[in-house]
Every structure is written in structure tokens, then in C-alpha cells.
Amino acid sequence: MTVASAVMTIPQGKFFLGVVLIAIFAAFDMLDGTMARMRGGGTAFGATLDATCDRLTDGALFAAIAWWLFYTDGAPRIVLGSTLAVIIFSEMISYVKARAEAGGMKVNGGLIERPERIIIAFIGLLAASVGFVSVLHWAMVILAVASAITVVQRLVLASRDPQAAAGVAAPHGAKSAEELRGPSER
């Protein structure tokens, strides 16, 4: 419902309605996982599904903003480019954490996490809904810079984790170094 709200309201310039609907559905999204865990029903798949849906909603929100900026607003290239960068960096912020956790590392924090990205986007959208489109422009530029910084911060955190130097297995089906050497090199 959050994705549908974003793609059906924001490209049409219905920012206030979009923010209200997205906020309502985001509130339910935050509660469902918490309630499941509190009731002892949270699962690894549920957490994976929740994180995947979060990435979809983030992508839809910022893609809808980019759509409006390009097709309706005629925003400067720096603003449109920043919005596209937000889409990429938002995904990377989450990916760095997920990949680090898959490797046994803890990577928490950074300058701007998902709630802050959503709040800043909402502020920009609400300002644009009452005629202050430049606030939305600035919100996208600020989000792009802050999100890029957060990706770097998380990579630094991962590099400093005690598990950072642990070896990793080769992908399934990959040949060993011994198998890769030719008979003359053995």
C-alpha cells in the first residue's frame, strides 16, 4: 500500500495526500514486525521480507519524487541527479549493513538512516505542497550528500569490526586455487 500511495500521488503532485497515506502505511509497517517479535512470532524470513519491502517502499518514494521532478517540475539536473543518487545510496546503506551482518559483523549507525531519510523527504514534499518547491529540491540534495556519507561511514565501521579480517569461503561451485593451476604449475 505504501508503494501504491507513493506512485499514485507524488507523480501527480498530490504531495500532502501522498505524505499522509505513506505515513499511515509506514506506521503499520513499523508496528507489524515489532508486534510479531513481541508475540514470539518473528521469523528470519519475516525479517527478510520486511527489509525487502522497506527497500521497495524507499525506492518507490524516491522514484516517484524523481518522476515528478523530471516530468512536472523541470528541476535542475543537480536536483534530479541528487534524487537518483538518493535511490542508489538508500539501497547501499541497507546493503552494507545486511552484507556485513551476513559476514558476522555489526554495522549500526551512520549520519542518516531510513527514518531520517523518510522524514526529510516528507518535509520537502509538504513544503512543495504549499508552494515551496525549492525546499524539496534542497531536501534531495541534502539527502544525496548525507546518504553518500552514510555509505562510507558504514563501510568504515565494517572495516573496523573484529570480524572484518575473517576469511570467507569461495562461492559454491568455484574451483580451488589448486584446481585452477595448470598441470605444469603444480
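Residues numbered from 1 in each chain as written. Predicted model: local features only at pLDDT ≥ 70, side-chain atom pairs only at ≥ 80, totals over all residues. Heavy atoms only, no water.

**So, the pattern of salt bridges**
Let me state the cut-off plainly: Basic side-chain nitrogens of Lys or Arg form a salt bridge, by our definition, when they fall within 4 Å of a carboxyl oxygen of Asp or Glu. Under the scheme used here, helices are H or I runs from DSSP no shorter than 4 residues and strands are E runs no shorter than 2 residues, and both carry numbers assigned from the N terminus. Burial here depends on accessible area, computed with a 1.4 Å probe over protein chains only, as a share of the maximum for the residue type. Under 20% is buried, over 50% is exposed, and the range in between is partly exposed.
This structure, assessed with the given rule, holds five salt bridges. For R114, the salt bridge is made with D54, and the minimal N-O distance between the two is 3.6 Å. Of the two residues, R114 is situated in helix α5 (residues 114-129) and D54 in helix α3 (residues 44-73); the sequence distance between them amounts to 60 residues. Using a relative accessible area of 21% as the deciding quantity, one classes R114 as partly exposed. Because the salt bridges share partners, they merge into one network encompassing D54, R55, D58, R114 and R117.

**Thoughts on the UniProt feature "transmembrane region" (unreviewed entry) in the protein**
Just so we agree on the cut-off: UniProt positions are given in the numbering used here, feature names are shortened, and annotations may be inferred rather than shown by experiment.
When the UniProt feature table is mapped to this numbering, "transmembrane region" (unreviewed entry) covers residues 15-35, 78-98 and 119-152. For residues 78-98, the helix share is 100%, the strand share is 0%, and the end-to-end C-alpha distance is 30 Å. Secondary structure within residues 119-152 divides into 91% helix and 0% strand; the distance between the first and last C-alpha atoms comes to 21 Å.

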